[in-house]
Amino acid sequence: MKVISLMEAGNVSNFEYLDLPKPNIKDDEVLVKIISLSVNPVDYKARAHEGTLSWLFNEERPVILGWDLSGTIVEIGSKVIDFKINDAVFGMVNFPGKGNAYAEYVLAPSSHLALKPESISHQEAAAATLAALTAWQTLVTKGNIQKGNKVLIHGASGGVGHYALQIAKYFDCYVIGTSSEKNKKFVLECGADQHIDYTKVNFEEVLSDIDFVLDTIAGVTIEKSIKITRSGGSIVTIPSGNIPQAYLDKAKAENVSLSFVLVQSSGHDMNIIADLMERGIIKSHISHQFNFDKMADAHLQLQTGRTVGKVVVNI
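Residues numbered from 1 in each chain as written. Predicted model: local features only at pLDDT ≥ 70, side-chain atom pairs only at ≥ 80, totals over all residues. Heavy atoms only, no water.

Chemist: Sorry, what's going on with the overall build of the protein here?
Modeler: The helix and strand inventory of the protein stands at eleven helices and 15 strands. On C-alpha atoms alone, the protein measures out to a radius of gyration of 19 Å, which is about the 20 Å that the 2.2 N^0.38 rule sets for 315 residues. Taking the principal axes of its C-alpha atoms as reference, the protein extends roughly 55 × 40 × 35 Å. The long-range share in the protein, meaning contacts at least 24 apart out of those at least 6 apart in sequence, stands at 67%. Total accessible area computed for the protein in this model is approximately 13,500 Å², and 48% of it derives from carbon and sulfur atoms. Mean positive and mean negative side-chain charge positions of the protein (29 and 35 charges, respectively) differ by 4 Å. (Helix = DSSP H or I, 4+ residues; strand = E, 2+ residues; numbered from the N terminus. Rg over C-alpha atoms; globule rule 2.2 N^0.38 Å. Contact = heavy atoms within 4.5 Å. Areas by Shrake-Rupley, 256 points an atom, 1.4 Å probe, with all protein chains shown as cover. Lys, Arg positive; Asp, Glu negative; His and termini not counted. Charge placed at Lys NZ, Arg CZ, Asp CG, Glu CD.)

Chemist: Just checking my understanding: could you explain the packing of helix α1 (residues 41–48) against helix α11 (residues 295–303) for this structure?
Modeler: Packed helices, taken two at a time, are described by the angle their axes make and the gap between the axes. Interhelical geometry of α1 versus α11 gives an angle of 110° and a closest axis separation of 9 Å. The pairing of α1 with α11 is recorded here as roughly perpendicular in orientation. Along its contact with α1, which presents Pro-41, Asp-43, Tyr-44 and Arg-47, the element α11 presents His-299, Leu-302 and Gln-303. Among the residues forming the contact of α1 with α11, the class breakdown is three nonpolar, two polar and two charged. (Axes fitted to C-alpha atoms, helices over the stretch in contact; angles between N-to-C directions. Parallel < 35°, antiparallel > 145°, perpendicular 65-115°, else oblique. Nonpolar A, V, L, I, M, F, W, Y, C, P; charged D, E, K, R; others polar.)

Chemist: Is there a simple way to explain helix α2 (residues 50–57) in this structure?
Modeler: Think of an α-helix as 3.6 residues a turn; residues three or four steps apart then line up on the same face. Those residues of α2 that fall on the buried side of the exposure criterion are Leu-53, Leu-56 and Phe-57. For α2, the angular spread of the buried residues around the axis is 80°, confining them to a single face. Its buried side turned inward, α2 meets β1 (2–6) and α1. Just past α2, the residue Asn-58 takes up positive phi, approximately 55°. (Buried < 20%, exposed > 50% of the residue type's maximum accessible area, 1.4 Å probe, protein only. Arc of directions from axis to C-beta.)

Chemist: Explain the sheet that holds strand β13 (residues 257–260) to me, please; I cannot follow it from the model alone.
Modeler: Two modes of strand pairing occur in sheets, parallel and antiparallel, and in both the strands are linked by backbone hydrogen bonds. Reading across from one edge, β10-β9-β8-β11-β12-β13 is the order of the six strands in this open sheet, with parallel pairing throughout. For this open sheet the edge positions go to β10 (194–197) and β13, each flanked by a neighbour on one side alone. Strand after strand, the sheet turns through a mean of 15° between neighbouring axes, direction not considered. Bridge count between strand β12 (residues 229–237) and β13: four bridges; the pairing is parallel. In the strand pairing of β13, Ser-234 is matched with Ser-257. Docked against the sheet, helix α8 (residues 220–228) engages β8 (150–153), β11 (210–215), β12 and β13, running at close to 155° with respect to β12. (Pairing = 2+ DSSP bridges.)

Chemist: Explanation requested: the packing of aromatic side chains in the structure shown.
Modeler: The description of an aromatic ring pair rests on the distance of the ring centres and on the angle between the ring planes. Under the counting rule described, the total for this entry stands at seven aromatic pairs. Ring geometry for Phe-57 and Trp-67: centres 6.3 Å apart, planes at 40°, overall tilted. Pair noted here: Phe-57 is in helix α2 and Trp-67 is in the loop between α2 and β4 (68–76), with a separation of ten residues, a long-range link. This pair shows no difference in class: Phe-57 is buried, exactly as Trp-67 is. Through successive ring pairs, a cluster of aromatic residues spans Trp-55, Phe-57, Trp-67 and Phe-95. Between Lys-33 and the ring centre of Tyr-105, over which it is positioned, the NZ or CZ distance is 5.8 Å. (Phe/Tyr/Trp six-rings, centres within 6.5 Å; stacked < 30°, edge-to-face > 60°. Lys NZ or Arg CZ within 6 Å of the ring centre and 35° of its normal.)

Below you can see the structure in the form of C-alpha cells.
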C-alpha cells in the first residue's frame, strides 16, 4: 500500500513515499481503504516541529501522520458488530496518538468511526472529522451552549470556525464571527449574525456580555476576550494548552472560565456529526483539494493560515 512516511520533523521535503504491506487487523478494528483524508494545523505542526511530533508519537520513527479519513471498509475484526465490509465510513482515528492516515489503507478502532451518509461525498466527510468534532466538543460538550447565548468565534472562516458557526446557529445562539473582510460573506453564510473584520475593528471595543468564546487564535486574543466575556461565561482555546498564567489569573478575577480543549476521537460524537450533515444542518466547505502525491502542497497551503474552510487530499 502507498504511505507517506516521516523520519524527522522539518520541511515538506522530509516526506517520503513508500510502498508497505497492509497492516494486520485486531479484533476490535476495521481496515479502511481511504478515498479522501483531510489535513489540519496539527498535521503541519507535527511535520515541522520535533516537539509536536514527539508529543504525538514519542520516540517512534519513522511515523505516518494523519487522523482524518473517509473510505470503505475492506476487512473487519472478529469482535466488530456495528459495521460490515463495504460500509462507507468516516472519522478521526486515534487522536491524540498514531492515526497513520497518510496511507492507502488504515486500521481504525470501530469505536472511532461513523457511517458516512449517502448524501455527502467522501471529500465532505473527510473534511468534517477533526475540525467538526473540535467544534462540537468545545461548544457543546465543554461549553454547554444554550439557546439565546451570545457566542463569539475567532477565526470563523477556518476549518474549526466554519463548523462552529453552523453548530452555534443550530443551537439558536446569537453568533459573532471574526475574520478578514474578504471572508465576511462566507462567515455570514455559515450562520453568523454579526461579522467583525479583525483587521479594522478591535472586537473588545464593540462587544460585551459574551456567554461563550471559541478561540482558534491564542495569544493576545485570549486576553482581549476576557474583557468582553460576562461573569460566569466561558472561553475555550484550542491552539495550545500553554495558557499564560497571567491570563488564567485575570480570567479567574473576572469569574470567567478559561480552558484548553484537545479534541478526542469519538464514534459517538462522529455519529452526531453524521446526523447533522445528513440533515443539512452543517456542511463542509472545501477550498482546496490535492492528490496524494501532492501532500507537500496541501501542507504548504494550510500553513499560510489563510485557508477558508478545509483542505482535502484524495488517494
